[in-house]
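One letter stands for each residue in the lines below.
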Amino acid sequence: MEAAIEAILFTMGDSVELTQIAGAIGQDVDTTRKVIHNMMDRYRQEERGIQIIELEDAYQMCTNKEYYEYLIQIALHPKKPVLTDVMLETLSIIAYKQPVTRLEIEKIRGVKCDHAVNKLLEYNLIRELGRLDAPGRPILFGTTEEFLRSFGVQALEELPVMDPVKVEDFKAEAEEEIQLKLDV
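Here goes a summary of the coordinates provided. (Residues numbered from 1 in each chain as written. Predicted model: local features only at pLDDT ≥ 70, side-chain atom pairs only at ≥ 80, totals over all residues. Heavy atoms only, no water.)

## Let's talk about the environment of Leu-76
Here Leu-76 is to be found in the loop between α4 (68–75) and α5 (85–97). Leu-76 gets classed as exposed once you look at its relative accessible area, which sits at 57%. (Helix = DSSP H or I, 4+ residues; strand = E, 2+ residues; numbered from the N terminus. Buried < 20%, exposed > 50% of the residue type's maximum accessible area, 1.4 Å probe, protein only.)

## Some thoughts on the packing of aromatic side chains
Summed over the entire model, instances satisfying the criterion amount to 2 aromatic pairs. For the pair Phe-147 and Phe-151, a centre-to-centre distance of 5.0 Å together with 40° between the ring planes defines the contact as tilted. The buried category is assigned to Phe-147, whose relative accessible area is 4%. Judged by its relative accessible area of 39%, Phe-151 is partly exposed. Lying over the aromatic face of Tyr-43, Arg-48 brings its terminal NZ or CZ to 4.3 Å of the ring centre. (Phe/Tyr/Trp six-rings, centres within 6.5 Å; stacked < 30°, edge-to-face > 60°. Lys NZ or Arg CZ within 6 Å of the ring centre and 35° of its normal.)

## Things to note about unusual backbone geometry
Along the chain, Gln-98 connects to Pro-99 via a cis peptide bond; the corresponding omega equals -5°. Inspection of the secondary structure assignment puts Pro-99 in the loop between α5 and β4 (100–101). With a phi close to 55°, Glu-56 is a non-glycine residue in the positive phi region. Mapped onto the elements, Glu-56 comes out in the loop between β2 (50–55) and β3 (58–63). Judged by its relative accessible area of 77%, Glu-56 is exposed. For Asn-124, which is not glycine, the phi dihedral falls at a positive 60°. Along the chain, the position of Asn-124 falls in the loop between α7 (114–122) and β5 (126–131). Using a relative accessible area of 43% as the deciding quantity, one classes Asn-124 as partly exposed.

## So, the sheet that holds β5
Judged by pairing direction, the sheet is antiparallel, and its 3 strands sit side by side in the order β4-β6-β5 without closing on themselves. Because the sheet does not close on itself, it has two edges, and the strands there are β4 and β5. Pairing between β4 and strand β6 (residues 139–143): 2 bridges, direction antiparallel. Counterpart to Val-100 in the pairing with β6 is Phe-141. Where α7 meets the sheet, its contacts fall on β5 and β6, and the angle it forms with β5 comes to roughly 105°. (Pairing = 2+ DSSP bridges. Contact = heavy atoms within 4.5 Å. Axes fitted to C-alpha atoms, helices over the stretch in contact; angles between N-to-C directions.)

## Some remarks on the side chain of Thr-144
When you line up the elements, Thr-144 lands in the loop between β6 and α8 (145–150). There is a polar contact of 3.3 Å between the side chain of Thr-144 and the backbone nitrogen of Glu-146. If near-sequence neighbours (up to four positions away) are discounted, Thr-144 is found in contact with Asn-124, Leu-125, Ile-126 and Arg-127. (Polar contact = N/O pair within 3.5 Å; in protein donor to acceptor, adjacent residues only side chain to side chain.)

## Side note on α5
The end-to-end C-alpha distance of α5 is 18 Å, a good match for the 18 Å that 13 residues give at a rise of 1.5 Å each. For α5, the set of buried residues is Met-87, Thr-90, Leu-91, Ile-93, Ile-94 and Ala-95. Where α5 is buried, its residues meet β4, α6 (102–109), α7, β5, β6 and α8. (Expected span 1.5 Å × (residues − 1).)

Printed below as a string of structure tokens:
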């Protein structure tokens, strides 16, 4: 029972009502309350890094406040997501073309972008904006506030604009490259 209660409280993160815990482990409310209070006492006696707290008729697993200083050492140095060239390229397409579908991104890049899109979603740099009203109802992607914060801009309008001459040069280079591949 204790292991099941521990798993429930750990997984849920937030407080869980006593009646829900009792129902999940197949016990009555009084027995469940006693088991949880025994766990709370044992955690305290063993000076564990976690504790169970009671919030009205609910319980939550959280960090023992005596160990906050150790958590702060880790929290002060959060792991920064590393953006690969592929992710940066995908992100720039989304930033400049949003709302954009995965298929449109792949058409521009010329290769699949599933992994890059999934990582950008995980890093909260892009989000789903809804679905395109077209066959298959593809997902539309756009940037997030975290994207703006990460790149130091307050609005998308502040993103750098490419020089039209350079854009034409890039297009010409790309067309030459395609022609060379076709000639081979």
